Amino acid sequence: MSENSGKSLAVKDFFKSNILINELDEVLRFKPDSLIGVDKISSDHLFDEGIKTIDDLANLSVANLPEIKEILPNMLQKWVKIAQLIQKNIKEQMRRHKKLLMIGLDNGGKTSILAIVQDKFSIIKSLLPTRGVKREKLDFFGYPIISWDLGGQVQYREKLYFNRPELFFTEADIMLYVVDSQDPDRIPEAANYFREVLKVLEELHEIPSVLIVLSKSDQDARKTLQWQQTVTSIKNKFNSIAQEFEEFSIDYCDTTIFQRETIMQMFSTALMKVSDTSEIIENILEEFTHQVEAKASSLVSMDGLIFGSYTGSDTDEMLVNNTALLLQTLSNFYNSIGLIREKSIRLDLPLNGFTIRGEKLFEYSELQIPVYLWMLSQNPELLEGKIEYFKEQLLPLINLFL
Ligand SMILES: Nc1nc2c(ncn2[C@@H]2O[C@H](COP(=O)(O)OP(=O)(O)OP(=O)(O)O)[C@@H](O)[C@H]2O)c(=O)[nH]1
Ligand SMILES: [Mg+2]
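Conventions we followed
- Counting restarts for each chain, with residues numbered from 1 along the sequence as it is written.
- Whichever chain is written first becomes A and whichever ligand is written first becomes 1, with later ones labelled in order.
- Predicted model: local features are reported for residues with pLDDT of at least 70 only, side-chain atom pairs are reported and counted for 80 or more only, and whole-chain, interface and lining totals are derived from all residues.
- Derived side-chain values reflect all non-hydrogen atoms in the structure, with water molecules and hydrogen atoms excluded from consideration.
- Working definition: helices are DSSP H or I runs of at least four residues, strands are E runs of at least two. Numbering for both runs from the N terminus.
- Two residues form a contact once any of their heavy atoms are found within 4.5 Å.
- One heavy atom suffices: a residue is near a molecule or strand as soon as one of its heavy atoms comes within 4 Å of it.
- Polar contacts, as used here, are pairs of N or O atoms within 3.5 Å; protein pairs need one atom able to donate a hydrogen and one able to accept it. Residues neighboring in sequence count only if both atoms are side-chain atoms.
- Using the Shrake-Rupley algorithm and a 1.4 Å probe, accessible areas are obtained, with residue cover drawn only from the displayed protein chains.
- Three classes are used: nonpolar for Ala, Val, Leu, Ile, Met, Phe, Trp, Tyr, Cys and Pro, charged for Asp, Glu, Lys and Arg, and polar for all others, with Gly counted as polar.
- Listed donor atoms are N, O and S within 2.8 Å of the metal (Na, K and Ca: 3.2 Å). As water is not included, a site may look incomplete.
- Buried means the residue's accessible area, taken with a 1.4 Å probe over protein chains only, is under 20% of the maximum for its type, while exposed means over 50%, and partly exposed covers the values in between.
- One fewer than the residue count of a helix, multiplied by 1.5 Å, yields its expected span.
- The bend at a residue is defined as the angle formed between two axes, one fitted to the seven residues ending at that residue and one fitted to the seven starting there.
- Here the limits of each domain have been adopted from an automatic or database domain assignment.
- The rule for a salt bridge is simple: a side-chain nitrogen of Lys or Arg has to be within 4 Å of a carboxyl oxygen of Asp or Glu.
- Pairs of strands are assigned from DSSP output, requiring at least two bridges between the strands.
- As a rule, the C-alpha atoms of each element are fitted with a line to give its axis, helices using only the stretch in contact, and angles between N-to-C directions run from 0 to 180 degrees.
- When the strands point away from the viewer, a crossover counts as right-handed if the route from the first strand across the helix to the second turns clockwise.
- Centre distance within 6.5 Å is the pairing criterion for rings of Phe, Tyr and Trp, where only the six-membered ring of Trp is used; planes under 30 degrees apart are then read as stacked, over 60 as edge-to-face, and the remainder as tilted.
- The arc in question is traced by the directions running from the helix axis to the C-beta atoms.

1. Notes on the environment of M272
Step number 1: With respect to the helices, strands and loops of the structure, M272 is situated in helix α11 (residues 260-274).
Step number 2: Beyond its immediate stretch of four places on either side in the chain, M272 contacts S278, E282, I306, F307, G308 and F401.

2. Quick look at the site of ligand 1
Step number 1: Among the 17 residues in the neighbourhood of ligand 1, the closest are listed as K110, S112, T130, G152 and D218.
Step number 2: Interatomic distance of 2.8 Å between a side-chain N/O atom of T111 and an oxygen atom of ligand 1.
Step number 3: Contact distances for ligand 1 include 2.6 Å between a nitrogen atom and a side-chain N or O atom of D218.
Step number 4: When ligand 1 is considered free in solution it has 660 Å² of accessible area, and contact with the protein chains removes 82% of it.
Step number 5: Partitioning the shell around ligand 1 into residue classes produces four nonpolar, nine polar and four charged.

3. Details of the coordination of the magnesium ion (ligand 2)
Step number 1: The coordination sphere of the magnesium ion (ligand 2) contains the protein donors T111 (OG1) and T130 (OG1), at a distance range of 2.0 Å. Note that T111 is positioned in helix α5 (residues 110-117) and T130 in the loop between α5 and β2 (133-138), a separation of 19 residues in sequence. Here T111 matches T130 in class, with each residue buried.

4. Brief notes about helix α14 (residues 387-399)
Step number 1: Between its terminal C-alpha atoms α14 stretches 18 Å, which fits the 18 Å expected from 13 residues at 1.5 Å a residue.
Step number 2: Roughly 25 degrees is the biggest bend found in α14, and it falls at Q393, with proline P396 one to four residues downstream.
Step number 3: Residues of α14 that are buried make contact with α12 (278-291), β7 (296-301), β8 (306-311), β10 (354-364) and β11 (369-377).

5. A word on the domain arrangement of the chain
Step number 1: Under the domain assignment, the chain is made up of domain 1 (2-95), domain 2 (98-274) and domain 3 (278-399).
Step number 2: Between the C-alpha centres of domain 1 and domain 3 the distance comes to 50 Å.

6. Structural notes on the pattern of salt bridges
Step number 1: Within the structure shown, the criterion is met by 22 salt bridges.
Step number 2: Between E166 and R164 there is a salt bridge, with the nearest N and O atoms lying 3.5 Å from each other.
Step number 3: The partly exposed category is assigned to E166, whose relative accessible area is 27%.
Step number 4: With its nearest N and O atoms 4.0 Å apart, the salt bridge here joins E388 to K391. Here E388 pairs with K391, and both are found in helix α14, just three residues apart, close to one helical turn.

7. Some remarks on the sheet that holds β7
Step number 1: Strand order in the open sheet made by the five strands is β8-β7-β11-β10-β9, with antiparallel pairing throughout. The open sheet has two edge strands, β8 and β9 (344-349), and neither has a second partner. With direction set aside, neighbouring strand axes in the sheet form an average angle of 15 degrees.
Step number 2: Alignment of β9 against β10, held across six bridges, turns out to be antiparallel. Directly across from I345, in β10, lies its bridge partner G358.
Step number 3: Across the face of the sheet, α14 comes into contact with β7, β8, β10 and β11 while running at roughly 55 degrees to β10.

8. Quick notes on the pairing of strand β5 (residues 209-215)
Step number 1: Most of β5 is tucked away, with seven of its seven residues classed as buried.
Step number 2: Across the two faces of β5 the burial is the same, with S209, L211, V213 and S215 and V210, I212 and L214 all buried.
Step number 3: In terms of strand pairing, strand β4 (residues 174-180) meets β5 through seven bridges, oriented parallel. Across the sheet, the residue bridging to I174 is S209, located in β5.
Step number 4: Between the parallel pair β4 and β5, the chain is carried across by helix α8 (residues 187-203), and the sense of this crossover is right-handed.

9. A word on the packing of aromatic side chains
Step number 1: Inspection of the entire model under this criterion finds 15 aromatic pairs.
Step number 2: Here the aromatic rings of F307 and F401 are separated by 5.1 Å at their centres, their planes lie at 85 degrees, and the arrangement is edge-to-face. Of the two residues, F307 is situated in strand β8 and F401 in the segment after α14; the sequence distance between them amounts to 94 residues.
Step number 3: Residue classification places F401 among the buried positions, given a relative accessible area of 0%.
Step number 4: The rings of F162, F169, Y177, Y193, F194 and F238 are connected pair by pair, giving a single aromatic cluster.

10. Brief notes about the sheet that holds β4
Step number 1: On the basis of which strands lie adjacent, the open sheet formed by six strands has the order β2-β3-β1-β4-β5-β6 and mixed pairing. The outermost strands of the open sheet, each flanked by one partner alone, are β2 and β6 (250-254). Between one strand axis and the next, the sheet turns through 25 degrees on average, direction left out of account.
Step number 2: Pairing analysis gives five bridges linking β5 to β6, with the strands arranged parallel. Paired with L211 across the bridge in β6 is D251.
Step number 3: Packing of helix α10 (residues 225-243) onto the sheet brings it into contact with β4, β5 and β6, and relative to β6 it is tilted by some 160 degrees.

11. Quick word on α12
Step number 1: With 14 residues, α12 should reach 20 Å at 1.5 Å per residue; the first-to-last C-alpha distance of 20 Å fits that figure.
Step number 2: Those residues of α12 lying buried are S278, I281, I284, L285, F288 and T289. One face of α12 carries all of its buried residues, which in axial projection span an arc of 145 degrees. Across α12 from its buried face, at more than 90 degrees, point the exposed residues E279 and H290.
Step number 3: Its buried side turned inward, α12 meets α11, β7, β8, β11 and α14.
Step number 4: Immediately downstream of α12, the backbone of E293 shows phi near 55 degrees, a positive value.

Have a look at this one:
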């Protein structure tokens with residue numbers, strides 16, 4: 001963090017003092033005369049040559065500079081080199097982070113979801129509508145992720161994002177489009193906005209993974225016919241919009257802020273969609289499940305990220321994942337009151353004839369987050385002696401998950 005902010009400050013030093021820099025990456029779109037040493041007149045000459053931004057300047061080749069008679073070649077060369085330095089530095093800093101876009105109408109629950117995932121439960125009730133874009137470095141899961149929470153009020157939707165789409169919609173890895181599952185009246189509005197967003201992404205040739213989040217799927221609401229009908233209409237509407245666009249395939253997840261595990265599952269699904277290693281993790285879990293004769297298995301971090309799971313049936317998958325998340329919450333509680341964290345956690349369900357068992361495999365990231373391998377099995381003892389083999393294979397994949 002400190003190294004990071006040090007570097008970003010160094011980049012700021014190249015700019016004139018009247019230039020306001022909110023976000024590091026936007027400087028590449030500034031005009032060349034925002035740089036110290038580049039005057040307005042030269043900048044205008046550059047503009048006439050099609051060199052409109054610092055990015056354009058950086059994309060010139062020092063070995064093959066254009067001839068601009070009003071600008072001395074060695075001047076231009078120096079500016080290009082500085083622009084290239086800035087570009088490289090910024091790209092390096094940005095590349096380390098995955099960009100997560102949170103989009104949807106106002107009051108949908110975007111900011112609340114981000115609060116829950118960071119365990120900021122107490123701010124939920126005092127949240128105000130987000131003004132413009134709020135960016136945050138999320139420090140959950142130990143992976144570097146920057147969330148862009150695009151406030152959904154109509155003035156931002158209409159006047160800000162679509163006027164300068166390249167500032168908001170480029171280089172996103174994941175887009176979570178949040179729809180209030182308890183607000184049938186606003187489905188048409190939510191759907192129109194979704195279509196506009198996909199259009200802009202298409203124009204920019206940006207193809208993030210898209211997940212539709214059905215927020216406010218509270219336990220009591222889910223039982224009502226009204227909720228089920230609303231969700232069906234949302235899915236019909238959104239599926240038909242996605243079909244208008246070739247590149248986008250969409251998935252759905254439902255969440256409620258009253259059950260943190262629904263939010264962790266949704267994030268896991270989203271991250272798995274962009275992970276390079278999640279498929280290999282699932283292959284290894286498949287092998288594991290067969291070897292220990294289990295019905296399902298899952299790899300879950302102590303803070304609730306599901307790296308992958310394998311099962312023959314959806315019910316078993318839901319069982320193993322939900323049990324893992326809830327037992328880990330319990331384990332976190334024990335840990336918080338000073339009890340030693342167990343290496344092995346198990347829940348026997350004798351009437352149903354199976355056990356859900358989790359084994360701590362290792363800790364990952366600088367935050368030393370424990371990762372557990374969970375299984376749902378009729379014969380959990382078959383696990384003995386098999387762990388080490390899988391542990392060795394899984395650890396490097398976890399480190400490269402994102
Ligand atoms: N019942 C219920 N209410 C929720 C849930 N999530 C959020 N809310 C409420 O919905 C309201 C809006 O939540 P926000 O997170 O501020 O919505 P937002 O999408 O960030 O809204 P903008 O910032 O205006 O775009 C708040 O009153 C939240 O308490 C949920 O899962 N269930
Ligand atoms: Mg908000």
